[in-house]
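# Structure at a glance
Take a look at the letters that make up each chain.
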Amino acid sequence: MGSSEEPSKPISLYDSSSTPLLSKPDDPPPPPSPYSDEPDSDPTQYLQISFNHDPRPFKDLAFLLLFLLFVLSTFAAGIFAVVHRNSDYSSLSSFQYDAVSTSCVKNVTSFSFLASSSSSFLKDLTWTLVITLILSLPICFSLLWLLKNYAKQVVYASLPFFVLFPIFFDVYWFVACTISSSCSDSFPLVYRILVLVFVLLAIGVIVWIFVANRHRIELTISIIGVASHALSRNLALFGVLPVLNLVLVVYYAPIVVFLVFARLNGEIDVEESEDGAYSCVWKQDAWVPAYYALAILTMLWSLTTMVEAQVYVISGTVAQWYFTKEESLRPRRMIRSSLRNAFGSSFGTVCLSGLLIAVVRMVRTIVDGARKEGTSGIVNLILRCCVNALLSAIDFLNKFTIVFAAITGESYCSSARMTYELLKRNLLSAVFVETISTRLLAGIIFVLSALYAVVACVILKAVSDLGVDAYFVAALAWVLLILVLGFFVHVLDNVIDTVYVCYAIDRDRGEVCKQDVHEVYVNLPISRNHRPSSMITRTLGV
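A quick note: this is a predicted structure, and the numbers were derived from the prediction, not measured.

Where helix α2 (residues 120–149) meets helix α6 (residues 214–232), the axes come as close as 7 Å, and the angle between the chain directions of the two elements is 130°. Taken as axis vectors, α2 and α6 run oblique relative to one another. Of the two possible hands of crossing, α2 and α6 adopt the one that is left-handed. Of α6, the residues touching α2 (which contributes Leu144, Leu147 and Lys148) are Ile224, Gly225, Ser228, His229, Leu231 and Ser232. Considered class by class, the residues forming the contact of α2 with α6 number four nonpolar, four polar and one charged.

Moving on to unusual backbone geometry. Residues other than glycine seldom take positive phi values, yet Asp60 does so here, at roughly 50°. Note that Asp60 resides in the segment before α1 (61–83). Exposure remark for Asp60: the relative accessible area of 17% places this residue in the buried category.

For the rest of this paragraph, the subject is the side chain of Ser346. Topologically, Ser346 is positioned in the loop between α9 (334–342) and α10 (347–372). A relative accessible area of 1% places Ser346 in the buried class. Setting aside chain neighbours within four positions, we find Ser346 in contact with Arg56, Tyr312, Asn341 and Gly409.

All right, on to the packing of aromatic side chains then. All told, the structure shown has 16 aromatic pairs when counted by the stated rule. Both rings, one in Phe75 and one in Phe258, keep their centres 5.6 Å apart while their planes meet at 85°; by these two values the pair is edge-to-face. Here Phe258 lies in helix α7 (residues 237–262) and Phe75 lies in helix α1, a separation of 183 residues in the sequence. Phe75 sits in the partly exposed class, given a relative accessible area of 24%. Classification of Phe258 as buried rests on a relative accessible area of 9%. Between Phe168 and Tyr172 the ring centres are 6.0 Å apart and the planes differ by 25°, which places this aromatic pair in the stacked class. Of this pair, Phe168 and Tyr172 both sit in helix α3 (residues 151–179), four residues apart, which is roughly one turn of that helix. Judged by relative accessible area, Tyr172 falls into the exposed class, the value being 54%. Members of the aromatic cluster, each reached through a chain of ring pairs, are Phe67, Phe70, Trp301, Phe343 and Phe347. Taking the ring centre of Trp321 as reference, the NZ or CZ of Lys514 above it sits at 4.8 Å.

Counting residues in each nonpolar core, the largest one holds 96 residues, and the members touching the most others are Leu147, Leu231, Phe323, Ile407, Phe488 and Tyr521. It is helix α14 (residues 469–509) that provides the largest number of residues to this core, a total of 16 residues. What Phe488 contacts, discounting residues up to four positions off in sequence, is Cys140, Leu143, Leu144, Leu147, Leu231 and Phe238. Among the nonpolar cores identified, the runner-up in size contains five residues, and Leu125, Leu460, Leu466 and Ala470 belong to it.

The subject of this paragraph is α9. Taken residue by residue, α9 has Met334, Ile335, Ser337, Ser338, Asn341 and Ala342 as its buried positions. Down the axis of α9, the sector holding all buried residues measures 160°, keeping them to one side. Summarising the geometry of α9, the exposed residues directed more than 90 degrees from the buried face are Arg336 and Arg340.

Here we take up a nonpolar patch on the surface. A cluster of nonpolar side chains, contributed by Trp127, Val130, Ile131, Ile134 and Leu135, occupies part of the molecular surface with about 480 Å² of accessible area. The residue Leu135 is located in helix α2 in this model.

Further remarks concern the environment of Thr324. With respect to the secondary-structure elements, Thr324 resides in the loop between α8 (288–322) and α9. When its relative accessible area of 10% is taken as the criterion, Thr324 is described as buried. The sequence separation of Thr324 and Lys514 amounts to 190 residues, and the corresponding C-alpha distance is 8.4 Å. A distance of 2.7 Å separates a polar atom in the side chain of Thr324 from the backbone oxygen of Gln320.

Predicted confidence across the protein chain gives a mean pLDDT of 76, with 75% of residues reaching 70 or more. pLDDT under 50 marks residues 1–29. Its contacts with residues more than four places away, or in other chains, come to 30 contacts. Ignoring residues within four places in sequence, the model shows residues 31–47, a span with pLDDT below 50, making 23 contacts including any to other chains.

Time to look at the packing of helix α5 (residues 189–212) against α6. Angle between the axes and distance between the axes are the two parameters that describe a pair of packed helices. Where α5 contacts α6, the two axes come as close as 5 Å, and the packing angle between them is 70°. As judged from the angle between their axes, α5 and α6 are roughly perpendicular. Facing α5, whose interface residues are Phe210, Val211 and Ala212, α6 presents Arg214, His215 and Ile217. Tallied by class, the residues present in the contact of α5 with α6 amount to four nonpolar, one polar and one charged.

Reading the values: the criteria
Residues numbered from 1 in each chain as written. Predicted model: local features only at pLDDT ≥ 70, side-chain atom pairs only at ≥ 80, totals over all residues. Heavy atoms only, no water. Axes fitted to C-alpha atoms, helices over the stretch in contact; angles between N-to-C directions. Helix = DSSP H or I, 4+ residues; strand = E, 2+ residues; numbered from the N terminus. Parallel < 35°, antiparallel > 145°, perpendicular 65-115°, else oblique. Left-handed = near helix turned anticlockwise from the far one by under 90°. Contact = heavy atoms within 4.5 Å. Nonpolar A, V, L, I, M, F, W, Y, C, P; charged D, E, K, R; others polar. Buried < 20%, exposed > 50% of the residue type's maximum accessible area, 1.4 Å probe, protein only. Phe/Tyr/Trp six-rings, centres within 6.5 Å; stacked < 30°, edge-to-face > 60°. Lys NZ or Arg CZ within 6 Å of the ring centre and 35° of its normal. Core = buried A, V, L, I, M, F, W, Y, C linked by side-chain atoms within 4.5 Å. Arc of directions from axis to C-beta. Patch = residues over 30% accessible without salt bridge, like charges linked within 9 Å, V, L, I, M, F, W, Y side chains within 5 Å. Areas by Shrake-Rupley, 256 points an atom, 1.4 Å probe, with all protein chains shown as cover. Salt bridge = Lys/Arg side-chain N within 4 Å of Asp/Glu carboxyl O. Polar contact = N/O pair within 3.5 Å; in protein donor to acceptor, adjacent residues only side chain to side chain. pLDDT = per-residue confidence, 0-100.

Pasting the structure below:
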């Protein structure tokens, strides 16, 4: 509209001369529309949301300082535990009560240790796990290439195994239990038939769900293909993320050592039993249990913070790639800038996100523990359902909040509110993307891991003398591979969420940064929680 600025240069939301993201414009706002859901909301303040390449101010400093306080306290108390340890703990069994001195006296006794020879089982187990770990890398890259180019074929080739594996294990259990005398005696034939039929009916329901939701599976396949392409353009993430995991292991090592040495803080004291006999027992210092609680909380918070930091790095890197319209103009050192933001100006936001996830995990563990204890009653059932629903909502909201924070550099609370309003204004529902794609990818890696375990078991049966232990070794190889592939799916799942939020920002701005993404995500179902009248009409090139 007669602006002197170049039309190809967007107005930067983060210029020093521009107003903050959440501030109101200087001019009086127009009168609210009677059809708007939120009359006091100014839609123009969101038109220029994009990746913030400028230096970002520090956010959520209070939680950063709180996290540092936990870490420093854990290390300081741990060093104290190492320095003030009591070396008599390891020789507690050699102390005996001396009636003359009324104290515990140490008796010098020589011990001999027998060296055990390594068995062939441990050798075969070690080699199997090492080979599995080595092969997991090409398996991950092969799966990424297949999902990028042949996502539809991979998904439809895996879907039959979602049915065949349960049928196989169901029939195998029925036959094995029928042959076994002990199982057949404790489990009558009628009950075995009921279980067999029940499982087959459940499998039939799964097949019906697949058929009834075939259009959604088609859309999910396209979403997975787009996300795989985005991840293939940022393969350096597979080099950075394992390094971050290694850093976490190195960070955990001294804390584990401190926990071990904390047990050595105490003294050997005399204890009188009920029958009047005296014995020597170890009495820990009073501060040791408190240190255990502090160290475990710090380790849990550090773990969730590292997970959220990885999500931040993935989101920041993929968002920079997304908002670059031309590949030749792709920013350099995208991962380095994302790392700098994640462990720099936005580390307080990452710590707050990690703290929320840690609290959710602890509360969920408490709820599950109460359920296993057999606490009954309709009130307890309702409370568990409400708590689980609340925890799932927090977990779900946090997932997209940290993605938005990685893109804009906003604080946690601002990112949560703005993400909700962004999806609300564009009538987008995040449930479809988050739920179906995650479950479909989980099923694919389960099928691949199971096939690998079957092949490994056949090879072990042919080349080794493990016998029945071959099943156990193959099961451990299956667990290791599914963990590695699970990490791959975790990364790809975060890429899906990031591309989804970037698409919402594109739609909010009325721009198209990645045409192939828009061609897929435009088919997403519209959220029914908001009226279409809340949609904002935008005109390009004005």
